[in-house]
Amino acid sequence: MPPLRTSQAATASTDRDRVDPGWVRKLTGRPLPEVRAAMKEAQDDRVLAEAIASAHASAGRDFYAQVRAPFELYALARLLRPAHIVEVGVSSGVSSAYFLKALSKNGEGHLHSIDLPTKQKGPRFSEGEDSPVALPPGRASGWAVPSDLRGGWDLRLGPSQELLPKLVGELDEVGIFLHDSLHTFAHATFELACVDPKVPAGGVLLADNTEWLEGALDRFAEAKGTRTYYRRGMDLGGFRKP
Ligand SMILES: C[S@@+](CC[C@H](N)C(=O)[O-])C[C@H]1O[C@@H](n2cnc3c(N)ncnc32)[C@H](O)[C@@H]1O
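Peer 1: Mind laying out the overall build of the protein chain, listing which residues take part and the relevant values?
Peer 2: In terms of helices and strands, the protein chain carries ten helices and seven strands. Relative to its length of 242 residues, the protein chain is compact, with a C-alpha radius of gyration of 16 Å against a globular reference of 18 Å. In terms of principal-axis extent, the alpha carbons of the protein chain reach across some 50 × 40 × 35 Å. Here the protein chain holds 242 residues, and 55% of them are scored as buried. A sequence separation of at least 24 residues applies to 76% of the contacts in the protein chain between residues at least 6 apart. For the protein chain, the exposed surface amounts to about 10,300 Å²; the carbon and sulfur share of it is 51%. Looking at the protein chain, you have 30 positive and 31 negative side-chain charges, and the mean spots of the two groups are 3 Å apart.

Below you can see the structure in the form of structure tokens.
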């Protein structure tokens, strides 16, 4: 994958706190007060935020590449109440943790995650050598997800090129899909095309780091007769299937 920028990871919490309920409204069609209420649950959840932050700190890292809009992901899962969410790209597990928290609050639904871990090269993180998504020594994909959210989490390790077609074949329906793995046009298009037949009308397909995707998400949305909406200030995009 292209090198992730440290600055992008380092500003994660400030970007995250400038929430964009309008983006979630466009993707769900739900009224803003409902969207804000769902998002507030996640914003108010200091226990979850602190558990993730202390897991990251315990690995000696003050930054980590992660989805910068976890409250919006949480709200999407709360409002759409999907039976199945599929995400590709776990790393420490920030997006996973917020999806899992939303599903737990829903009282139904499953998260299926795929990750081909990137490992840190040495005992210490090296800015020039290591990707900000690299696993610290002794840690496994999803290591920052609190243990109380892990029950029932379907986490599969390996390349999505192999694992995603198999996973999709096992599911009847995918209500939310997130691409956050190998950020190239070809790979994002492969993942979107793989999951698309199982996403019903009203389901949402998302991709992070779209600036590296050379228009893959926009093109896919247009082929479905719709358009991508972008989270304010970020290259996290998504569309709702017509
Ligand atoms: C940006 S990180 C995911 C961040 C995560 N969504 C979060 O919010 O914390 C990308 C992850 O995708 C993994 N990855 C890269 N290529 C992949 C592939 N072909 N299949 C599955 N995972 C892949 C990387 O090793 C890394 O763990």
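What follows picks up the thread again.
Peer 1: Lay out unusual backbone geometry with the relevant residues and their values.
Peer 2: Backbone geometry places S91, a non-glycine residue, at a positive phi of 55 degrees. Within the element layout of this structure, S91 appears in the loop between β1 (84-88) and α7 (94-106). Although it is not a glycine, E214 sits at a positive phi angle of roughly 50 degrees. Secondary-structure assignment places E214 in the loop between β5 (204-207) and α10 (216-223). Residue classification places E214 among the exposed residues on the basis of a relative accessible area of 64%.

Calculation criteria
- Residues numbered from 1 in each chain as written.
- Predicted model: local features only at pLDDT ≥ 70, side-chain atom pairs only at ≥ 80, totals over all residues.
- Heavy atoms only, no water.
- Helix = DSSP H or I, 4+ residues; strand = E, 2+ residues; numbered from the N terminus.
- Rg over C-alpha atoms; globule rule 2.2 N^0.38 Å.
- Buried < 20%, exposed > 50% of the residue type's maximum accessible area, 1.4 Å probe, protein only.
- Contact = heavy atoms within 4.5 Å.
- Areas by Shrake-Rupley, 256 points an atom, 1.4 Å probe, with all protein chains shown as cover.
- Lys, Arg positive; Asp, Glu negative; His and termini not counted.
- Charge placed at Lys NZ, Arg CZ, Asp CG, Glu CD.

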